[in-house]
Amino acid sequence: FFFIGLPILAPSLSLLPSPPHDPKTPLTAMSAIRRTGIRKAAALTSKFVERIGGEVGPGGRSSVSGRTVAVFGGTGFLGRYVAFELGQNGTKTYFGNRGCEMEHRHLKPNFDLGMCKFVFYGPRDRDSMAEVISDADVVINLVGKHYETKTLTTNPTGKFPPLLYKTNYSYQEAHVDIPRTIAELCAEMQVDNLIHVSSLAAKEDTKSRWARSKLDGENAVKEAYPWATVLRPAQLFGPEDRLLNWFARIAGSCPFVPMIDDGRALLQPVYMGDVAEAIRKIVEEPDKFEGRTIDCFGSQDFTYREIFEFVIDITKQEPKVVNVPLDIMKLLGSVIELAPTQPILTKDHVELWAEDYVAQTPEFYENQIGKDKILTLADLDVKQTPIEKVAFGYLHRFRAGGHFVTNTGYHHDV
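Residues numbered from 1 in each chain as written. Predicted model: local features only at pLDDT ≥ 70, side-chain atom pairs only at ≥ 80, totals over all residues. Heavy atoms only, no water.

Caption draft 1: Local environment of the overall build of the protein. For the protein, the count of helices and strands is 14 helices and 16 strands. Out of the 414 residues belonging to the protein, those deemed buried represent 49%. Relative to all contacts within the protein whose residues are 6 or more apart in sequence, the contacts with residues 24 or more apart total 73%. In the form shown here, the protein has an accessible surface area of approximately 21800 Å², with 56% of it arising from carbon and sulfur atoms. (Helix = DSSP H or I, 4+ residues; strand = E, 2+ residues; numbered from the N terminus. Buried < 20%, exposed > 50% of the residue type's maximum accessible area, 1.4 Å probe, protein only. Contact = heavy atoms within 4.5 Å. Areas by Shrake-Rupley, 256 points an atom, 1.4 Å probe, with all protein chains shown as cover.)

Listed below in structure tokens is the structure:
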């Protein structure tokens, strides 16, 4: 009877309440196994000491944080890591979906059953955007484009050529108009907090249209919703990045790697996981960061040439490097960006990489006082991840012959 009834009773037993637990007391691995079973304990290991105020449940993604978050732009590079962070403490999350529902399937495993929802919307349809926000406590805007998407359309004049390129979503619409609409809706619907992701390159003196639109988007958001928290990350690096992977792909597919003005411009790349962690911490304490600006940057700055040399040291590629003057490189970008698919280079891309993409000096951040002080990852207790710690993990695939080709004794001698 015991063995026959066990499968029937097991689901009911799993629904029994866990023993009371003081949120201030860290869970240990063994106590988690005793309380929730081995199957759940594996999912809790990384978050034992990070239980947040108001969280109920066994801990980890099977908990309920009591917060509801709406995310726009969740399918992007940063979005999947933000989803991972939100799911770890059981945050109920609504994702805006403007395409096929299959585009979001990779986000679902980050959440327990019923803790994420995908809401269809149109960026030009204000009412549908309000449906995404719904009853959310916090809204996160990750919408952005690194190039202006285009589509073919018929020539309205009827003359040659019969087809013309039409811009689908411009920088102005993606970085200014959509964020402004989100901010206005947050104000109208009395959302507790809005997190807007901008860029560290958003400066008054920039020549990049992309960076300038990011600055205009910041100003539009602050005007519509003054309490917004603005994150300004430097260039992101990680498995799907368009920085280290860009150099590796160009080195493997093009006759030479162009270096703009000998690659003298500086950059200070930040790990995408660090930015995602910062967003999670803001979600956990939104009032603490209300109206603040947070600069997210790495622990070191490099020139673009140093980044390139770092990449090929990992990939063992031997590309030819050509120093190309800025004007010629912009002309080259103007031609390549006409490609019907995602271009590997644009004129604006060149403008951005010709400028320094770095944070202020440490003294600048240390000497600020008052509510206007610009915060950094250190103020959120987020430790900066060195680029050399993670880059090998996703760049070694570019090695000719594979990961172990340089190891003697691994392959049989021929």
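Caption draft 2: The packing of helix α8 (residues 244-253) against helix α14 (residues 387-395), seen in detail. In the contact formed by α8 and α14, the axes pass within 11 Å of each other and the chain directions differ by 40 degrees. Taken together, the axes of α8 and α14 lie oblique to each other. The two elements α8 and α14 meet at a crossing, and its hand is right-handed. Side by side, α8 and α14 meet where L244, N245 and A248 of the first sit next to I387, A391, Y394 and L395 of the second. Along the lines of polarity and charge, the residues of the contact of α8 with α14 split into 6 nonpolar, 1 polar and no charged. (Axes fitted to C-alpha atoms, helices over the stretch in contact; angles between N-to-C directions. Parallel < 35°, antiparallel > 145°, perpendicular 65-115°, else oblique. Left-handed = near helix turned anticlockwise from the far one by under 90°. Nonpolar A, V, L, I, M, F, W, Y, C, P; charged D, E, K, R; others polar.)

Caption draft 3: Local environment of the confidence of the model for the protein. Taken residue by residue, the protein gives an average pLDDT of 85. The fraction at 70 or more is 85%. With pLDDT under 50 throughout, residues 1-49 is counted as low confidence; its partners more than four residues away or in other chains account for 34 contacts. (pLDDT = per-residue confidence, 0-100.)

Caption draft 4: Representation of the packing of aromatic side chains within the structure. Applying the stated criterion across every chain yields a total of 13 aromatic pairs. Look at F77 and Y81: their rings are 6.1 Å apart centre to centre, the planes differ by 90 degrees, and that puts the pair in the edge-to-face class. The same class applies to F77 and to Y81, which are both buried. Ring centres 5.0 Å apart and planes at 70 degrees place the aromatic pair W246 and W353 in the edge-to-face group. Of this pair, W246 sits in helix α8 while W353 sits in helix α12 (residues 347-353), and the two are 107 residues apart along the sequence. The burial state of W246 is the same as that of W353; both residues are buried. Put simply, the rings of W246, F247, Y304, F308 and W353 touch in pairs and so form one group of aromatic residues. Taking the ring centre of Y94 as reference, the NZ or CZ of K117 above it sits at 4.5 Å. (Phe/Tyr/Trp six-rings, centres within 6.5 Å; stacked < 30°, edge-to-face > 60°. Lys NZ or Arg CZ within 6 Å of the ring centre and 35° of its normal.)

Caption draft 5: Representation of the sheet that holds strand β1 (residues 68-72). Read from one edge of the open sheet, 8 strands run β3-β2-β1-β4-β7-β8-β13-β16, paired in parallel fashion. Strands with a single pairing partner mark the edges of an open sheet, and in this sheet they are β3 (116-120) and β16 (375-376). Looking at chain direction, strand β8 (residues 229-233) and strand β13 (residues 293-296) are connected through 4 bridges and run parallel. Bridge pairing in β13 links R232 to D295. Running at roughly 140 degrees to β1, helix α5 (residues 126-133) makes contact with β1, β2 (92-97), β3 and β4 (138-141) of the sheet. Contacts from helix α9 (residues 272-284) reach β1, β4, β7 (193-197), β8 and β13, with the element oriented near 170 degrees to β8. (Pairing = 2+ DSSP bridges.)

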